[in-house]
Amino acid sequence: MSDHPVLHVKGRVLTGPDDVRDELWVVDGRISYDRPVGVRDVRGVEGWALPGLVDAHCHVGLGPHGPVEADVAEKQALTDRDAGALLLRDAGSPSDTRWVDGREDLPKIVRAGRHIARTRRYLRGYAHEIEPEDLVAYVAREARRGDGWVKLVGDWIDRELGDLAPSWPREAAGAAIAEAHRLGARVTAHCFAENSLRDLVESGIDCVEHATGLTEDLIPLFAERGVAIVPTLVNIATFPGLAAGGEARFPRWAAHMRRLHERRYDTVRNAHDAGIAVFVGTDAGGALPHGLVAAEVAELVTAGIPALTALSAASWGARAWLGRPGLTEGAPADLVVYETDPRADVRVLAAPRRVVLNGRVVG
């Protein structure tokens, strides 16, 4: 045996939406469904156990003005961990957070490299800001730097137009996405507006972040191409405030942001109803605090997504999408235990009873 304690998790173990077991064991930091032999010192954990939750859109190492120091990034990761988010897809960060991988007490991170944006068309200090002729080269660079993902900024405010506008010509986006796929990486894009979506989807993009511009005519295209969305509804809630702050300079943009906000729940519900995969992401980092995964699940339910589907979007389904294990035999013991059944009321996710990461009780 290693120095990991042996844990006995009993009560109800939710290994899938409809697959419930009575117990599991954690031996040497990994899950086992066989009682270990000859072990006397066992710590018991009781309740309703889920795989460690997934925040599929967050930013460890990013603050309001760009990269942050390692101690701030550590606090961000710890906040997510204590909220039960033990697997994070870092959807763009200017910080090198590889040091996190050596810490057994911090969540596992799937990185998408650094944002790639058009020059002066994104938040200062966040992204590589380039022109279309350099897009393929930068996508190749970030594909090698990340963990199987690349993040584009698909649209942003065009100050001359006074409204949201696509960042990339279709030909450049298509070539860049093809290069990422050649290198074994999937591509996602920040998109608020309607007119940035068709070119990206028809060019082969794998996922769209926010997707507030997803309209009825575009939904069948997303469904046909298997493009997932990560709505980040806790971030979309900030749109009215953003609109108020920018209305004096950009009234057209402000009105557009308010419309996108007003229809946000309909957009997400219609996407789900059409068979588009929806995953939980908070957009933590930058302007939003970390630790909001439970709030985002609750927002999906408010939008009209069934509770079990919303729960899967932050657990079993999200882990499968990212190619990471759940509560399977031999997998790292990353799990969260709750007082009551989260399938009955997703608000339970806001109050983890125990958090187990790499086989250790950390919260």
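Going by the structure above, here's the rest.
Notes on the structure follow. (Residues numbered from 1 in each chain as written. Predicted model: local features only at pLDDT ≥ 70, side-chain atom pairs only at ≥ 80, totals over all residues. Heavy atoms only, no water.)

A word on the overall build of the chain. Along the chain, the regular secondary structure elements total twelve helices and 20 strands. On C-alpha atoms alone, the chain measures out to a radius of gyration of 21 Å, which is about the 21 Å that the 2.2 N^0.38 rule sets for 363 residues. Considered along the principal axes of its C-alpha atoms, the chain spans approximately 70 × 40 × 35 Å. Put simply, the chain has 363 residues, and 56% of those count as buried. Only carbon and sulfur atoms are counted for the fraction: they give 49% of the accessible area of the chain, which is about 14,700 Å². (Helix = DSSP H or I, 4+ residues; strand = E, 2+ residues; numbered from the N terminus. Rg over C-alpha atoms; globule rule 2.2 N^0.38 Å. Buried < 20%, exposed > 50% of the residue type's maximum accessible area, 1.4 Å probe, protein only. Areas by Shrake-Rupley, 256 points an atom, 1.4 Å probe, with all protein chains shown as cover.)

Before going further, it helps to spend a moment on the pattern of salt bridges. What the rule picks out here adds up to 26 salt bridges. For Glu-104, the salt bridge is made with Arg-360, and the minimal N-O distance between the two is 3.8 Å. With Glu-104 in the loop between β8 (85-90) and β9 (108-111) and Arg-360 in strand β20 (residues 360-361), the pair connects residues that are 256 residues apart, well separated along the chain. Exposure remark for Glu-104: the relative accessible area of 41% places this residue in the partly exposed category. Residue classification places Arg-360 among the partly exposed residues on the basis of a relative accessible area of 28%. Between Arg-347 and Asp-345 there is a salt bridge, with its nearest N and O atoms 3.0 Å apart. (Salt bridge = Lys/Arg side-chain N within 4 Å of Asp/Glu carboxyl O.)

Counting 69 residues, the largest nonpolar core has Leu-135, Leu-152, Ile-205, Leu-214, Phe-222 and Leu-300 as the members making the most contacts within it. Residue contacts for Leu-152: discarding those within four places in its chain leaves Ile-116, Leu-135, Val-139, Trp-168, Val-187, Thr-188, Ala-189 and His-190. With 19 residues, the next largest nonpolar core counts Leu-62, Ala-127, Val-153 and Ala-254 among its residues. (Core = buried A, V, L, I, M, F, W, Y, C linked by side-chain atoms within 4.5 Å. Contact = heavy atoms within 4.5 Å.)

The next thing to look at is the side chain of Thr-212. Residue position: Thr-212 is located in the loop between β16 (207-210) and α5 (219-225). Given the relative accessible area of 3%, Thr-212 is considered buried. Within the structure, the side chain of Thr-212 is placed 2.7 Å from the backbone oxygen of Phe-192, a separation counted as a polar contact. With residues near it in sequence (within four places) discarded, Thr-212 still touches Cys-191, Phe-192, Ile-236, Phe-239, Leu-260, Arg-263 and Thr-267. (Polar contact = N/O pair within 3.5 Å; in protein donor to acceptor, adjacent residues only side chain to side chain.)

Sheet strands line up and pair through hydrogen bonds in the backbone, either parallel or antiparallel. Spatially, the three strands line up as an open sheet ordered β5-β8-β9, and their pairing is parallel. Every interior strand has two partners, whereas the edge strands, β5 (53-58) and β9, have only one. This sheet shows a mean twist of 20° between the axes of neighbouring strands, independent of strand direction. Pairing of β8 with β9 involves four bridges; the strand directions are parallel. Bridge pairing in β9 links Asp-90 to Arg-111. (Pairing = 2+ DSSP bridges. Axes fitted to C-alpha atoms, helices over the stretch in contact; angles between N-to-C directions.)

We now examine the pairing of strand β4 (residues 42-51). The sheet contact formed by strand β1 (residues 6-16) and β4 spans eight bridges and is parallel. Looking at β4, one finds that Lys-10 is bridged to Glu-46. Of the strand pairs in this sheet, β4 and strand β18 (residues 335-338) are connected by four bridges, and their pairing is antiparallel. When the bridges of β18 are listed, Leu-50 appears paired with Val-336.

This paragraph deals with the packing of aromatic side chains. According to the stated counting rule, one finds six aromatic pairs in the structure shown. An angle of 10° between the planes, with centres 4.2 Å apart, marks the rings of Phe-279 and Trp-321 as stacked. With Phe-279 in the loop between α9 (264-273) and α10 (293-303) and Trp-321 in helix α12 (residues 316-322), this residue pair connects regions lying 42 residues apart in the sequence. When its relative accessible area of 8% is taken as the criterion, Phe-279 is described as buried. What links up through ring pairs into an aromatic cluster is the set Tyr-122, Tyr-126, Trp-156, Phe-192 and Phe-239. Of note, Arg-89 hangs over the ring of Trp-149, and the distance from its end group to the ring centre comes to 4.6 Å. Directly above the aromatic system of Tyr-265 lies the positively charged group of Arg-264, at a separation of 4.2 Å from the ring centroid. (Phe/Tyr/Trp six-rings, centres within 6.5 Å; stacked < 30°, edge-to-face > 60°. Lys NZ or Arg CZ within 6 Å of the ring centre and 35° of its normal.)

Glancing now at the sheet that holds β1. In spatial order, the strands read β3-β2-β1-β4-β18-β19-β20; together these seven strands make up an open sheet with mixed pairing. Of all the strands in the sheet, the pair left with one neighbour each is β3 (30-32) and β20.

Structurally, the position occupied by Ile-116 is in strand β10 (residues 116-118). For Ile-116, a relative accessible area of 0% gives the class buried. Taking the C-alpha atoms as reference points, Ile-116 and Ala-189, 73 residues apart in sequence, are found 9.3 Å from one another. Setting aside its immediate chain neighbours within four residues, Ile-116 contacts Ala-127, His-128, Ile-130, Leu-135, Tyr-138, Val-139, Glu-142, Val-150, Lys-151, Leu-152, Val-153 and Trp-168.

This brings us to helix α1 (residues 70-82). Between the first and last C-alpha of α1 there are 18 Å, a value that for 13 residues agrees with the 18 Å anticipated at 1.5 Å per step. What α1 keeps buried is the set Ala-73, Gln-76, Ala-77, Asp-80 and Arg-81. Angular distribution of buried residues about the axis of α1 spans 140°; they occupy a single face of the element. Where α1 is buried, its residues contact β6 (62-63), β8 and β19 (354-357). Immediately downstream of α1, the backbone of Gly-84 shows phi near 95°, a positive value. (Expected span 1.5 Å × (residues − 1). Arc of directions from axis to C-beta.)

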